[in-house]
Amino acid sequence: MADHPLSTPPDAIRPPAPPPNSPDSDRAGRAEGVPAARLALSEHDSALLDFEHRHWPRSTPAAPGPKEAAIRQELGISPTRYYQLLNGLMDSEAALARHPVMINRLRAVRESRRIARQ
């Protein structure tokens, strides 16, 4: 009788996850026990992440490409400051919840560069 669905305590039953684009979807990817405030992104941080998420052609340090120009034009900051802010966001739970594949890719690149410097 313990396996009967009605014998399960109500707090043990989880509602289904909301659809990916619904207003409640940000809660679906949230790690258990992480306060909602730690997962909140400012409008500026969200803009940085969405900007990075766009596809950009490769450029070299010797010849900056259209991404650097767009950083200045669209975000109003220098590329150096952009990458400083992005690096800080990479450690954010909220950034990971918003763009998990991108953040994990950026973390892997950062780690491989750190190892190469040693």
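Scroll up a little and you will see the structure.
Residues numbered from 1 in each chain as written. Predicted model: local features only at pLDDT ≥ 70, side-chain atom pairs only at ≥ 80, totals over all residues. Heavy atoms only, no water.

**Q** Looking at this structure, how should I read the environment of Pro 79?
**A** Along the chain, Pro 79 turns up in helix H4 (residues 79-89). With 10 residues separating them in the primary sequence, Pro 79 and Ala 69 have C-alpha atoms 8.3 Å apart. Filtering out sequence-adjacent residues up to four positions away, Pro 79 remains in contact with Glu 68, Ile 71 and Arg 72. (Helix = DSSP H or I, 4+ residues; strand = E, 2+ residues; numbered from the N terminus. Contact = heavy atoms within 4.5 Å.)

**Q** Just checking my understanding: could you explain the packing of helix H2 (residues 43-53) against H4 for this structure?
**A** In a packed pair of helices, the relevant descriptors are the angle between the two axes and the axis-to-axis distance. Packing of H2 against H4 brings their axes to within 10 Å, and their N-to-C directions diverge by 100 degrees. Judged by the inter-axis angle, H2 sits roughly perpendicular to H4. Where H2 approaches H4, its residues His 44, Asp 45, Leu 48, Leu 49, Phe 51 and Glu 52 are matched on the opposing element by Tyr 82, Leu 85, Leu 86 and Leu 89. Partitioned by chemical class, the residues of the contact of H2 with H4 number seven nonpolar, one polar and two charged. (Axes fitted to C-alpha atoms, helices over the stretch in contact; angles between N-to-C directions. Parallel < 35°, antiparallel > 145°, perpendicular 65-115°, else oblique. Nonpolar A, V, L, I, M, F, W, Y, C, P; charged D, E, K, R; others polar.)

**Q** What's the story with the pattern of salt bridges in this structure? I'm lost.
**A** A side chain of one charge can pair with a side chain of the opposite charge when the charged atoms of the two come close. Tallied over the entire structure, the rule returns five salt bridges. The residue Asp 50 makes a salt bridge to Arg 98 at a minimum N-O spacing of 2.9 Å. Here Arg 98 lies in helix H5 (residues 93-98) and Asp 50 lies in helix H2, a separation of 48 residues in the sequence. Since its relative accessible area comes to 40%, Arg 98 is described here as partly exposed. With a shortest N-O distance of 2.4 Å, Arg 114 and Glu 111 are connected by a salt bridge. In this pair, Arg 114 and Glu 111 both sit in helix H6 (residues 100-117), three residues apart, roughly one turn of the helix. (Salt bridge = Lys/Arg side-chain N within 4 Å of Asp/Glu carboxyl O. Buried < 20%, exposed > 50% of the residue type's maximum accessible area, 1.4 Å probe, protein only.)

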